[in-house]
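So the chains spell out like this:
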Amino acid sequence: MLNLFMPPRAFFSYSFACHYREEAPRIDGNLRDWDDAERLPDLMGIDGHSPFADLYMAWDDAGLYFGLEVAKKSSYRIDPRNVDQGDCLELWIDTRDLKDVHRANRYCHHFYFLPGGTGKNGKKPIGRQTGIDQAREQAPPCPEESIKVGLRRLKRSYQMEIALPAAGLNGYQPGEFGRLGFTYLLHDSEHGVQSWSAGQDLPIDSDPSTWGTVELSRG
């Protein structure tokens, strides 16, 4: 029998008002300077699932900022060669928010972040841009050294902060284009996968039409 099941989230479109930061957050892994209004809403509840982490997002003319807190964490699995097989945050960003196309273009970006994997003890975080499968054209590469990642491991959780520079986001022009296409996947070796606009049952890794919308608000 043909399975025609579609997850409930597939029938909706989503928009999040992303707050402007007068002062950029310190990228040190401590979320003390993030506000609840900057936390992305939980959409997994639409499908009957519960989140295990909070993701925050903000912006200014210099770029985009993210804060992540994963709760009830006791062990880590870090695999820089197979990032989605361990603890990893993946972000997809379309600086033109095109919803009428099903293949990525030069304005679509894919980044991943690991809470460890480099440094002398292997506990320094990693942040990199990577390609998008089946893209019509890949976005210009964002130099890895320009991506800032701060990590703070606590006894039963971890916090991570990210700064993506405007120069590494092709087409990022908040004054002219105040909307971004956006989604994420958070992989966790203990909790499973947390997602936003859609889960892995849809091709979010390659299809920008499955991503939600971020409104760059100055209010």
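Rules used throughout
- Residues numbered from 1 in each chain as written.
- Predicted model: local features only at pLDDT ≥ 70, side-chain atom pairs only at ≥ 80, totals over all residues.
- Heavy atoms only, no water.
- Salt bridge = Lys/Arg side-chain N within 4 Å of Asp/Glu carboxyl O.
- Helix = DSSP H or I, 4+ residues; strand = E, 2+ residues; numbered from the N terminus.
- Buried < 20%, exposed > 50% of the residue type's maximum accessible area, 1.4 Å probe, protein only.
- Polar contact = N/O pair within 3.5 Å; in protein donor to acceptor, adjacent residues only side chain to side chain.
- Core = buried A, V, L, I, M, F, W, Y, C linked by side-chain atoms within 4.5 Å.
- Contact = heavy atoms within 4.5 Å.
- Phe/Tyr/Trp six-rings, centres within 6.5 Å; stacked < 30°, edge-to-face > 60°.

A.B. asks: Looking at this model, I keep getting lost on the pattern of salt bridges. Mind explaining?
C.D. replies: Side-chain pairs of opposite charge can arise whenever the charged atoms involved come near each other. This structure, assessed with the given rule, holds 13 salt bridges. Between Arg 179 and Asp 97 there is a salt bridge, with the nearest N and O atoms lying 2.9 Å from each other. Taken together, the positions of Arg 179 in strand E9 (residues 179-188) and Asp 97 in the loop between strand E4 (88-94) and strand E5 (108-118) put the pair 82 residues apart, joining distant regions of the chain. Classification of Arg 179 as partly exposed rests on a relative accessible area of 40%. Across the pair Glu 215 and Arg 179 runs a salt bridge, and its minimum N-O distance is 3.0 Å. Here Glu 215, found in strand E11 (residues 212-217), pairs with Arg 179, found in strand E9; they are 36 residues apart in sequence, far enough to count as distant. Through salt bridges with shared partners, a single network forms among Lys 73, Asp 87, Asp 188 and Glu 190.

A.B. asks: How should the side chain of Glu 161 be read in this particular structure?
C.D. replies: Secondary-structure assignment places Glu 161 in strand E8 (residues 157-165). For Glu 161, the side chain forms a polar contact with the main-chain nitrogen of Gly 29, separated by 2.8 Å.

A.B. asks: Would you mind showing me how to read the nonpolar core here?
C.D. replies: Within the largest apolar cluster, 36 residues are counted, with the highest numbers of intra-cluster contacts made by Met 57, Leu 89 and Phe 182. Excluding residues that lie within four positions of it along the chain, Met 57 makes contacts with Phe 16, Cys 18, His 19, Trp 34, Glu 38, Leu 40, Leu 64, Tyr 65, Phe 66, Leu 180, Phe 182 and Val 214. Judged by nonpolar contacts, the second largest core, of 10 residues, contains Ala 104, Ala 135, Leu 202 and Trp 211.

A.B. asks: Help me out: how do you make sense of unusual backbone geometry in this one?
C.D. replies: Most peptide bonds take the trans configuration, and most residues that are not glycine carry a negative phi. Positioned with a positive phi, Lys 72 is a non-glycine residue whose angle comes to about 50 degrees. Within the secondary structure, Lys 72 sits in the loop between strand E3 (63-71) and E4. With a relative accessible area of 62%, Lys 72 lands in the exposed category. Positive phi, normally seen in glycine, also occurs at Gln 134, with a value near 65 degrees. Here Gln 134 lies in the loop between strand E6 (124-130) and strand E7 (148-153). The exposure class assigned to Gln 134 is exposed, which follows from its relative accessible area of 60%.

A.B. asks: When you look at the packing of aromatic side chains in this model, what are you seeing that I'm missing?
C.D. replies: Aromatic ring pairs: the centre-centre distance and the angle between the two ring planes describe each pair. Using the criterion set out here, one finds 7 aromatic pairs in the structure. Between Tyr 20 and Trp 59 the ring centres are 4.9 Å apart and the planes differ by 70 degrees, which places this aromatic pair in the edge-to-face class. Here Tyr 20 is found in strand E1 (residues 15-20), whereas its partner Trp 59 is found in strand E2 (residues 53-60), with 39 residues between them in sequence. Its relative accessible area of 22% is what places Tyr 20 among the partly exposed residues. Since its relative accessible area comes to 1%, Trp 59 is described here as buried. When the ring of Phe 66 is compared with that of Phe 182, the centres are 5.8 Å apart and the planes differ by 20 degrees; the resulting orientation is stacked. Residue Phe 66 is found in strand E3, and its partner Phe 182 is found in strand E9; the two are separated by 116 residues along the sequence. Residue Phe 182 is classed as buried on the basis of its relative accessible area of 1%.

A.B. asks: Would you mind going over the environment of Arg 152 with me for this structure?
C.D. replies: Topologically, Arg 152 is positioned in strand E7. The partly exposed category is assigned to Arg 152, whose relative accessible area is 32%. Each C-alpha atom of the pair Arg 152 and Lys 124 lies 9.8 Å from the other, and the pair is 28 residues apart in sequence. Apart from the residues lying within four places of it in its own chain, the contact partners of Arg 152 are Gly 29, Asn 30, Ser 157, Tyr 158 and Gln 159.

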